[in-house]
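Each chain is listed here by its residues.
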Amino acid sequence: MELELPRPSYTIDTFKELDRRYPECCFVPIVGSDNLSIFHKWRSADEILSRYGLIVYPRPGYPFPDKLPRGVVVVNAPQTDISSTKIRNCISKGWDMNFFLPPGVYKYIKEQDLYKD
């Protein structure tokens, strides 16, 4: 869907399009705690928080601030050293990342030859 949106495409634009296409659903962005410290720099960060909220997954080495912005929910989950960036980098090197992604997603990435150097 994001490929169909005008460029540049921002998270707020994606979520507004999701709202338009699926008005019966409630969408919430999920980011790792490594992105929380820079989230205020995202396009329309305040609007994202007020309209959708934000779910934050803990990442090793990225502690949470004492006070979280309104609308931010922290997931109580084990910390792992895996991220979408790491998965993309490994795929670009030709590594098999099948066990880190849903089968359909991994199949699509392989069929479309995504993330290759």
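**Q** I keep staring at the overall build of the protein and nothing clicks. Help me out?
**A** When you go through the protein residue by residue, the secondary structure sums to 5 helices and 3 strands. Seen in sequence order, the protein has helices and strands lined up from the N terminus as α-β-α-α-β-β-α-α. Along the longest, intermediate and shortest principal axes, the C-alpha atoms of the protein span 40 × 35 × 25 Å. Put simply, the protein has 117 residues, and 27% of those count as buried. A sequence separation of at least 24 residues applies to 37% of the contacts in the protein between residues at least 6 apart. Surface exposure of the protein reaches about 8400 Å², of which carbon and sulfur atoms provide 54%. Within the protein, one finds 16 positive and 15 negative side-chain charges whose respective centroids are separated by 2 Å.

**Q** Sorry, what's going on with helix α1 (residues 11–21) here?
**A** Helical geometry: 3.6 residues make up each α-helical turn, so side chains three or four residues apart lie on a common side. Turning to α1, its buried residues are Ile12, Thr14, Phe15, Glu17 and Leu18. Tucked inside the fold, the buried residues of α1 contact α3 (45–51).

**Q** How do you make sense of the packing of aromatic side chains when you look at a structure like this?
**A** Aromatic rings in a pair are described by how distant their centres are and how their planes are angled relative to each other. Inspection of the entire model under this criterion finds 3 aromatic pairs. Between Phe15 and Tyr52, the aromatic rings sit 5.1 Å apart at their centres with planes inclined by 55 degrees, giving tilted as the arrangement. Of the two residues, Phe15 is situated in helix α1 and Tyr52 in the loop between α3 and β2 (54–57); the sequence distance between them amounts to 37 residues. With a relative accessible area of 11%, Phe15 lands in the buried category. For the cation-ring pair, Arg43 lies above Tyr10, with the distance from its terminal atom to the ring centre recorded as 4.0 Å. A cation over an aromatic ring shows up here: Lys93 above the ring of Trp95, its NZ or CZ 5.2 Å from the ring centre.

**Q** What is the right way to look at the environment of Pro103 in this model?
**A** Within the fold, Pro103 resides in helix α5 (residues 103–112). For the pair Pro103 and Phe27, spaced 76 residues apart in sequence, the C-alpha separation works out to 22 Å.

**Q** Before we go on, may I ask you to explain the pattern of salt bridges in this structure?
**A** If the charged atoms of two oppositely charged side chains come close together, the side chains can form a pair. This structure, assessed with the given rule, holds 8 salt bridges. Residues Arg51 and Asp19 are paired through a salt bridge, measuring 3.4 Å at the closest nitrogen-oxygen approach. Taken together, the residues Arg51 in helix α3 and Asp19 in helix α1 connect sequence positions 32 residues apart. Residues Arg51 and Glu47 are paired through a salt bridge, measuring 3.1 Å at the closest nitrogen-oxygen approach. Linking Arg51 with Glu47, this pair stays in helix α3, spanning 4 residues, or about one helical turn.

How each quantity is defined
Residues numbered from 1 in each chain as written. Predicted model: local features only at pLDDT ≥ 70, side-chain atom pairs only at ≥ 80, totals over all residues. Heavy atoms only, no water. Helix = DSSP H or I, 4+ residues; strand = E, 2+ residues; numbered from the N terminus. Buried < 20%, exposed > 50% of the residue type's maximum accessible area, 1.4 Å probe, protein only. Contact = heavy atoms within 4.5 Å. Areas by Shrake-Rupley, 256 points an atom, 1.4 Å probe, with all protein chains shown as cover. Lys, Arg positive; Asp, Glu negative; His and termini not counted. Charge placed at Lys NZ, Arg CZ, Asp CG, Glu CD. Phe/Tyr/Trp six-rings, centres within 6.5 Å; stacked < 30°, edge-to-face > 60°. Lys NZ or Arg CZ within 6 Å of the ring centre and 35° of its normal. Salt bridge = Lys/Arg side-chain N within 4 Å of Asp/Glu carboxyl O.

Taken by themselves, the reported measurements are silent on function.
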